[in-house]
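# Remarks on the overall topology
Chain residues, written in single-letter form:
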Amino acid sequence: MTSQKPDRSGRFPWLFFILVFALTWLAWLPGVLDSMGWISLSVPWGMFFILGILSLPVAGCVASFVEGGKAAVGAFLKRALMIRFPLRWLLPIFLIPLIIPALAIMLYRLLGGVPPDLPVLSQPWLILTTFVFMFLIGGGPEEFGWRGYALDRLQARWSPLVASLILGVIWGVWHTPLFFIRSTAQYYTPYWAFMLLAVSFSILTTWVYNGSGKNYFAAWLFHGAINTGLELFPSIQRLTGGDQRIFIFCVILYLVLTGLVVAAARPRKWISPPGK
């Protein structure tokens, strides 16, 4: 007789989340201590930031190994090479992240605000380099963990909407140390607004991920495009006590879009538990 390994697909991925938080927050701790004046970093903070981001694929590999050994790790890593998905998804992947922050700036200007400078758009050659950086650093490693590992396991237990809400809250809380580091955008961002944005992003990324055939690469592109859009159309005023209305408008617009997506994309599929 051959013994079968227990099916862990519907279990809450505790090990993955514990590893992600422990490794990331440990990597980002020097940045927090430096901003508080307790230590002085002798190397750029960006190195610690990247180390924290890389904790997601590391945690995914470790958790996969615990679940199914080397074969499970190989299957997890191979997902990065599965780049084919329906081309129709390129439209929302690239248009939504550009339209939303641009509309937020327009709304801010209509209400009497002075729009920010657009340094990246004024130098077109920077657009591609910004996207490549955001794609490789700001999207890929994170998506390897959030969608590449965690989302499938959450959706095996809960409906896509509930799974997205859970992951969105966890994703938002994971960013918490960045709110104490002066060189980050989060330092100047209202925490409550960022949490709402993380939940909105989580639901929209689930929409892209599921719609593209659970393609991790599509989620990776979307994450990179979101971060690129926020660089092309700056929504955060990096000043203590600065006017953050553009960012709040951006959050509101993303929440409205999220509601429309859920309402239009077969609501029953969003709220039905697995197997229903």
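Just above sits the structure.
Definitions and cut-offs
- Here the residue numbers are simple positions, counted from 1 along each chain's written sequence.
- For a predicted model such as this one, the threshold for reporting local features is a pLDDT of at least 70, and the threshold for listing and counting side-chain atom pairs is 80 or more; totals across whole chains, interfaces and linings nevertheless cover every residue.
- Just so you know, side-chain values use all the structure's heavy atoms and leave hydrogens and water out.
- Only the six-membered ring of Trp is used, alongside the rings of Phe and Tyr, when aromatic pairs are assigned; centres must lie within 6.5 Å, and planes under 30 degrees apart are stacked while those over 60 apart are edge-to-face, with the rest tilted.
- Secondary structure elements are taken from DSSP: a helix is a run of H or I of four residues or more, a strand is a run of E of two residues or more, and numbering for both begins at the N terminus.
- Burial classification: accessible surface area is computed with a 1.4 Å probe over protein chains only, and a residue below 20% of its type maximum counts as buried, one above 50% as exposed, and the rest as partly exposed.
- Charges are assigned to positions over rings by a cutoff of 6 Å between ring centre and Lys NZ or Arg CZ, combined with an angular limit of 35 degrees from the ring normal.
- Axis lines are fitted through C-alpha atoms, for helices just across the contact stretch, and the angle between N-to-C directions can take any value from 0 to 180 degrees.
- By definition in this entry, angles of less than 35 degrees are roughly parallel, angles greater than 145 are roughly antiparallel, angles of 65 to 115 are roughly perpendicular, and the rest are oblique.
- Two residues qualify as a contact provided that any one of their heavy atoms is within 4.5 Å of a heavy atom in the partner residue.
- Three classes are used: nonpolar for Ala, Val, Leu, Ile, Met, Phe, Trp, Tyr, Cys and Pro, charged for Asp, Glu, Lys and Arg, and polar for all others, with Gly counted as polar.
- Whether a crossing is left-handed or right-handed is set by the direction in which the near helix is turned from the far one by less than a right angle, anticlockwise for left-handed and clockwise for right-handed.
- The term polar contact refers here to a pair of N or O atoms within 3.5 Å; inside protein, the definition further demands a hydrogen-donor-capable atom paired with an acceptor-capable atom, and it admits residues adjacent in sequence only when both atoms are side-chain atoms.

### Section: the packing of aromatic side chains
Applying the stated rule across the entire model yields 26 aromatic pairs. Ring geometry for Phe12 versus Trp14: centroids 4.5 Å apart, planes at 50°, classification tilted. Both rings, one in Phe179 and one in Tyr191, keep their centres 4.8 Å apart while their planes meet at 65°; by these two values the pair is edge-to-face. One end of the pair, Phe179, is in the loop between helix 6 (160–174) and helix 7 (191–211); the other, Tyr191, is in helix 7, and 12 residues separate them in sequence. On the basis of relative accessible area, Phe179 is assigned to the buried category, the value being 11%. Taking the relative accessible area as the measure of exposure, Tyr191 reaches 35% and is therefore partly exposed. Taking the ring centre of Trp171 as reference, the NZ or CZ of Arg147 above it sits at 4.7 Å. Here the basic side chain of Arg153 rests over the ring of Tyr149, its NZ or CZ set 3.7 Å away from the ring centre.

### Describing unusual backbone geometry
Its identity is not glycine, yet Lys214 carries a phi of approximately 55°, on the positive side. Among the structural elements, Lys214 can be located in the loop between helix 7 and helix 8 (216–232).

### Considering the packing of helix 2 (residues 45–53) against helix 5 (residues 125–155)
Interhelical geometry of helix 2 versus helix 5 gives an angle of 25° and a closest axis separation of 9 Å. Between helix 2 and helix 5, the angle falls in the class roughly parallel. Along the contact surface, helix 2 presents Phe49, Ile50 and Ile53, while helix 5 presents Ile137, Pro141 and Glu142. The residue makeup of the contact of helix 2 with helix 5, split by class, is 5 nonpolar, no polar and 1 charged.

### Details of the packing of helix 1 (residues 14–35) against helix 5
Between helix 1 and helix 5, the least distance of the axes is 10 Å, while the angle of their chain directions is 150°. Judged by the inter-axis angle, helix 1 sits roughly antiparallel to helix 5. Classified by chirality, the crossing of helix 5 by helix 1 is left-handed. Counted together, Phe16, Phe17 and Val20 of helix 1 and Gly145, Trp146, Tyr149, Ala150 and Leu154 of helix 5 form the full contact between these two elements. Tallied by class, the residues present in the contact of helix 1 with helix 5 amount to 7 nonpolar, 1 polar and no charged.

### Regarding the side chain of Ser35
Examined against the element boundaries, Ser35 turns out to sit in helix 1. The class of Ser35 is buried, set by a relative accessible area of 17%. Polar contacts involving the side chain of Ser35 include one to the main-chain amide nitrogen of Arg182, which spans 3.1 Å. Ignoring sequence-local partners within four residues, the contact set of Ser35 consists of Phe180, Ile181 and Arg182.

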